[in-house]
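The lines below spell out each chain.
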Amino acid sequence: MWGGRFAEGPAAVMREINASIPFDKRMWKQDIAGSRAHVTMLGEQGIVSADAAAAIRDGLDQVAEGYAADGVPDDLAMEDIHMLTEARLSAAIGPAAGRLHTARSRNDQVATDFRLWVRDATDQVLAALGALDAALLVRAEEHADSVMPGFTHLQSAQPVTLGHHLMAYHEMVLRDISRFRDNRARGNLCPLGSAALAGTGFPVDRHATAAALGFDGPTRNSLDSVSDRDFALDYLMAAVQCSLHLSRLAEEFVLWASQPFGFVSLSDQWSTGSSIMPQKRNPDAAELVRGHAGRISGCLVSLMVTMKGLPLAYSKDMQDDKPPVFECHDLLAISIAAMTGMIESATFRTDRMRALAESGFATATDLADWLVREADVPFREAHHITGRAVARAEALGCTLDKVPLADLQAIDARITQAVYGVLSVDASVASRKSFGGTAPDNVRAAIRAARA
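Keep in mind that this is a model prediction, so the values were computed, not measured. Residue positions within a chain follow its written sequence, with the count starting from 1. Predicted model: local features are reported for residues with pLDDT of at least 70 only, side-chain atom pairs are reported and counted for 80 or more only, and whole-chain, interface and lining totals are derived from all residues. To obtain the side-chain values, all non-hydrogen atoms of the structure were included, while hydrogens and water were left out.

## Description of the nonpolar core
Across soluble globular proteins, nonpolar side chains have a tendency to be buried as a group. Put simply, the rule reads: In this description, a nonpolar core means a group of buried Ala, Val, Leu, Ile, Met, Phe, Trp, Tyr and Cys residues linked to one another through side-chain atoms lying within 4.5 Å. Using a 1.4 Å probe on the protein chains alone, a residue whose accessible area is under 20% of its type maximum counts as buried, one over 50% counts as exposed, and one in between counts as partly exposed. Helix and strand assignments come from DSSP, with helices taken as H or I runs of at least 4 residues and strands as E runs of at least 2, each series counted from the N terminus. Whether two residues are in contact is decided by their heavy atoms, any of which lying within 4.5 Å being enough.
Among the nonpolar cores identified, the biggest contains 68 residues, and Phe180, Tyr235 and Leu332 are the most heavily contacted of them. When residues of this core are traced back to their parent elements, those giving at least two are helix 6 (106–142), helix 7 (162–186), helix 10 (230–257), helix 11 (284–307), helix 12 (322–345) and helix 18 (440–451). Sort the elements by how many residues they give to this core and helix 10 lands first, with 15 residues. Those residues within four positions of tyrosine 235 in sequence are excluded, and the remaining contacts are Val118, Ala121, Thr122, Val125, Phe180, Asn183, Val325, Cys328, His329 and Leu332. Ranked by size, the runner-up nonpolar core spans 21 residues in total, among them Ile21, Val39, Leu42 and Ala103.

## Comments concerning the packing of helix 6 against helix 18
To keep it simple, the criterion reads: Axis lines are fitted through C-alpha atoms, for helices just across the contact stretch, and the angle between N-to-C directions can take any value from 0 to 180 degrees. If an angle is under 35 degrees, it is roughly parallel; if it is over 145, roughly antiparallel; if it lies from 65 to 115, roughly perpendicular; otherwise it is oblique. Crossings are sorted by hand: turned counterclockwise from the far helix by less than a right angle, the near helix makes the crossing left-handed, and turned clockwise it makes it right-handed. Residues are grouped as follows: nonpolar covers Ala, Val, Leu, Ile, Met, Phe, Trp, Tyr, Cys and Pro; charged covers Asp, Glu, Lys and Arg; every other residue, Gly included, is treated as polar.
Running from amino to carboxyl end, helix 6 crosses helix 18 at an angle of 155 degrees, the nearest separation of the two axes being 10 Å. Taken as axis vectors, helix 6 and helix 18 run roughly antiparallel relative to one another. In this structure, helix 6 meets helix 18 at a crossing whose hand is left-handed. Each of Leu137, Val138, Ala140 and Glu141 in helix 6 lies in contact with helix 18, whose residues at this interface are Val443, Ile447, Ala450 and Arg451. For the contact of helix 6 with helix 18, the class distribution of residues is six nonpolar, no polar and two charged.

## Topic: unusual backbone geometry
Omega for the peptide link from leucine 312 to alanine 313 comes to 5 degrees, which places this bond in the cis form. Among the secondary structure elements, alanine 313 is positioned in the loop between helix 11 and helix 12. You will see that aspartate 376, though not glycine, has its phi angle at about 55 degrees, which is positive. Overall, aspartate 376 belongs to the exposed group, its relative accessible area being 68%.

## A closer look at the pairing of strand 2 (residues 155–161)
Here is the rule: Here, strands pair whenever DSSP counts at least two bridges between them.
With five bridges joining them, strand 1 (residues 147–152) and strand 2 adopt antiparallel strand pairing. Across the sheet, residue valine 147 finds its bridge partner in strand 2, namely threonine 161. In this antiparallel pair of consecutive strands, strand 1 and strand 2, the connection spans two residues, and histidine 153 shows a positive phi of 55 degrees.

## Some remarks on the pattern of salt bridges
Opposite charge on two side chains lets them pair, provided their charged atoms get close. Applicable threshold: What makes a salt bridge here is a side-chain nitrogen of Lys or Arg within 4 Å of a carboxyl oxygen of Asp or Glu, nothing more.
On inspection of all chains with the given rule, the structure shows 26 salt bridges. A salt bridge links arginine 444 to aspartate 145, with the nearest nitrogen and oxygen atoms 2.1 Å apart. Highlighted residues: arginine 444 in helix 18 and aspartate 145 in the loop between helix 6 and strand 1, separated in sequence by 299 residues. Put simply, arginine 229 and aspartate 321 hold a salt bridge, and the shortest N to O gap is 2.6 Å. Here aspartate 321 lies in the loop between helix 11 and helix 12 and arginine 229 lies in the loop between helix 9 (222–227) and helix 10, a separation of 92 residues in the sequence. Considered together, arginine 229 and aspartate 321 belong to a single accessibility category, that of buried residues.

## Describing the side chain of histidine 170
As for its placement among the helices and strands, histidine 170 is situated in helix 7. If we ignore the near neighbours within four places in the chain, the residues touching histidine 170 are Asp133, Leu136, Leu137 and Ala450.

These figures come from the coordinates and say nothing about function on their own.
This is the structure in structure tokens:
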């Protein structure tokens, strides 16, 4: 490749450190697509002859067929997927292959290929998140009435429904989908035709190549075009946030599957055993999803540190932009798939959830609210009265709704028999009808709105 300028070949270590083919071969489909669009434009603009353009397109099809059938070899002598494709094209059609690289550089070529790859990866993630969200909606609807304890500080706080709890993750998934969609739209501009950094003197039609590749248009500054990796960082940032949501859900499954909680039983498909303890049923899939969030976060940090000090335009450091994005995508894809499978197949132990919801004085706030609403007690005073009622229930070893009326009236005479209508967990969740609240009717309405 460098024969016109260099008399000697690279050292063995230089060849190894310089080559990116072991990882950028993943972009072979995007490289073929970009080259086809480019040579078609060259032919239409009269920069290469129509016959040469047709021959190159046919040759690219042959190269693609070879990759699809046999894979892409790790040929370090070819450095990267771009040079390997050009070499195979030359072997297929002869000297005409040399015209393909007219009016482009590897700088704008790799920037285009990488954008195409990230766009395809984003579409895959969006489809996977759609499946995850659908699973959440199905299980939320199934458990719109299933009472469970709601927690703050991992302490029993107020009763909620399992459906409401799962719909909280639906909201997180919606935000993840929104971020990926925004990133896709913002990054959907085509660098091809920017050449090395300054544009080209050939009469290229950048709008035509952008349209052929499904971009909204060409990038607007040739220097920025070849040096920009914001689209990759945006993808990683969205992936990190998504992985944090997945990790939180995975952590809940780990807790819920433990014997002290006993809220869920994961299916055999998403559990493992122990090499020494035959009774064990470990939530390893959930734990690995939780662990992958750390690795995905590391991918973002890796690329940010690589890019933080690079002057315009292209530097070889940017060859290291792809491994963290590829690793992140693989980890995110398998994490989403694992959580989707766990949600679809989990058996929720609603009897256990209800028992714990009833055991932690979770309706104390309902007593305080009743005092404010029915007895015109200021909330701070109602808070103190309720605290004393909880202490009395604790002393009697019963739930709030089982404390005798006489004991409650001994604490405050304004309490009447009517208070028992709000002290059960079912009454509590049914009363939370404010927009976004946990009332079963609210949950069902939220599910209908989500599906619409």
